[in-house]
Amino acid sequence: MHAPVTAAFRFVGFILWILLVVPAVGGLDLCGLVRACRWLARLFWRGSVRILGIHLVIRGTVCPDRPTLFVANHASYLDIVVLGAVVKAAFVAKKEVGQWPAIGFMAKLGRTVFIERRSRHAKEQKNEMITRLISVGESLILFPEGTSNDGNRVLPFKSALLSVAEARLPDGRPLPVQPISLAYTHLDGLPMGRGWRPFFAWYGDMELIPHLWSVLGLGHLTVEVDLHPAVTLDQFGSRKALTAHCQTVIGDALVSAVCGCPPKLAEKSVTVG
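The paragraphs below set out a description of the structure included in this document. (Residues numbered from 1 in each chain as written. Predicted model: local features only at pLDDT ≥ 70, side-chain atom pairs only at ≥ 80, totals over all residues. Heavy atoms only, no water.)

### What to know about the overall build of the chain
Regarding its fold elements, the chain presents 7 helices and 9 strands. For the chain, whose C-alpha radius of gyration is 18 Å, the value lies close to the compact-globule estimate of 19 Å for 273 residues. Each principal axis of the C-alpha distribution contributes one length, and for the chain these read about 55 × 45 × 35 Å. Excluding contacts between residues fewer than 6 apart, the proportion of contacts in the chain whose partners are at least 24 apart in sequence is 75%. Roughly 12,800 Å² of accessible area belongs to the chain as shown, and the carbon and sulfur atoms make up 62% of that amount. If the 29 positive side-chain charges of the chain are averaged to one point and the 20 negative ones to another, these points end up 3 Å apart. (Helix = DSSP H or I, 4+ residues; strand = E, 2+ residues; numbered from the N terminus. Rg over C-alpha atoms; globule rule 2.2 N^0.38 Å. Contact = heavy atoms within 4.5 Å. Areas by Shrake-Rupley, 256 points an atom, 1.4 Å probe, with all protein chains shown as cover. Lys, Arg positive; Asp, Glu negative; His and termini not counted. Charge placed at Lys NZ, Arg CZ, Asp CG, Glu CD.)

Quick look at the structure:
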């Protein structure tokens, strides 16, 4: 089931790719060349998708407005690689991610907004995200579950994390919010059952390095990415109603995709890797 040779080749390829691209991303960021930094960061994630043997099936279209708050379900660190290859945006992640080996370093170079779970920091963290969205004009990717899970379901969304959707753009328009669902559906072209999906999901007390080594040797993974229509808080009247909408849309799409009945969005199957 696990191919150590494949895992070794992917691991070495990934490390070499990091050594080639990441210093350049850091240099561009230090020089204040934000647009070039974003372009190279997206190139890095697309190359990572290819090296890791991930095939993406993308349905729907990315919201063309900038900035946009992208809201997605969360099952694994692979979500970061996938979304980084599909969407031009920075991530919002818990503070602990910044301490992870390699991933933390890349997250910092990717201009990730780190947040703490303690409520006493909520106001300043909200202000930082609003600054990035409104003042800088940078789109953000948020995982409102607050943690990852086994990839077979969606955990309850935390409405507090979507409080930034209350912000208004400089011209007075509401901030666009686009739900995105990620589903891990096939392994080497064969449908993946509930028992297989946790091999790629990373949650609970799983250790990062052993899990990553296992993932690297498990063949070619298909991830289905559904880009749902963007909405605004004004359409729902409250943050909680907006949160409930995003959770319902993403949860229903995830269940449909893993059951082999994906949502009826504009099909755009793309082989990025």
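### A short note on the pairing of strand E1 (residues 54-60)
Side-chain positions along a regular strand alternate between the two faces of the sheet. With 6 of its 7 residues buried, E1 lies for the most part within the structure. As paired strands, E1 and strand E8 (residues 221-227) are joined by 7 bridges and run parallel to one another. Following the sheet pairing, Leu-56 is matched in E8 by Val-223. (Buried < 20%, exposed > 50% of the residue type's maximum accessible area, 1.4 Å probe, protein only. Pairing = 2+ DSSP bridges.)

### What to know about the side chain of Arg-132
One can find Arg-132 in helix H5 (residues 122-135). Setting aside residues no more than four positions away along its own chain, Arg-132 makes contact with Ala-90, Arg-111, Val-113, Gly-137, Glu-138 and Leu-140.

### Structural notes on empty space enclosed by the protein
As enumerated under the stated definition, the model contains 2 cavities of 30 Å³ or more in all. Looking at the second largest cavity, its volume works out to about 30 Å³. Forming the boundary of the second largest cavity are Arg-10, Leu-52, Gly-53, Ile-54, Phe-200, Val-215, Gly-219 and Leu-221. Taken together, the residues of the lining of the second largest cavity sort by class into 5 nonpolar, 2 polar and 1 charged. (1 Å grid on protein atoms, 1.4 Å probe; cavity = no way out; pocket = protein on both sides within 12 Å on 5 of 7 lines; lining within 4 Å. Points joined across faces, edges and corners; volume = space filled by probe spheres on them. Nonpolar A, V, L, I, M, F, W, Y, C, P; charged D, E, K, R; others polar.)

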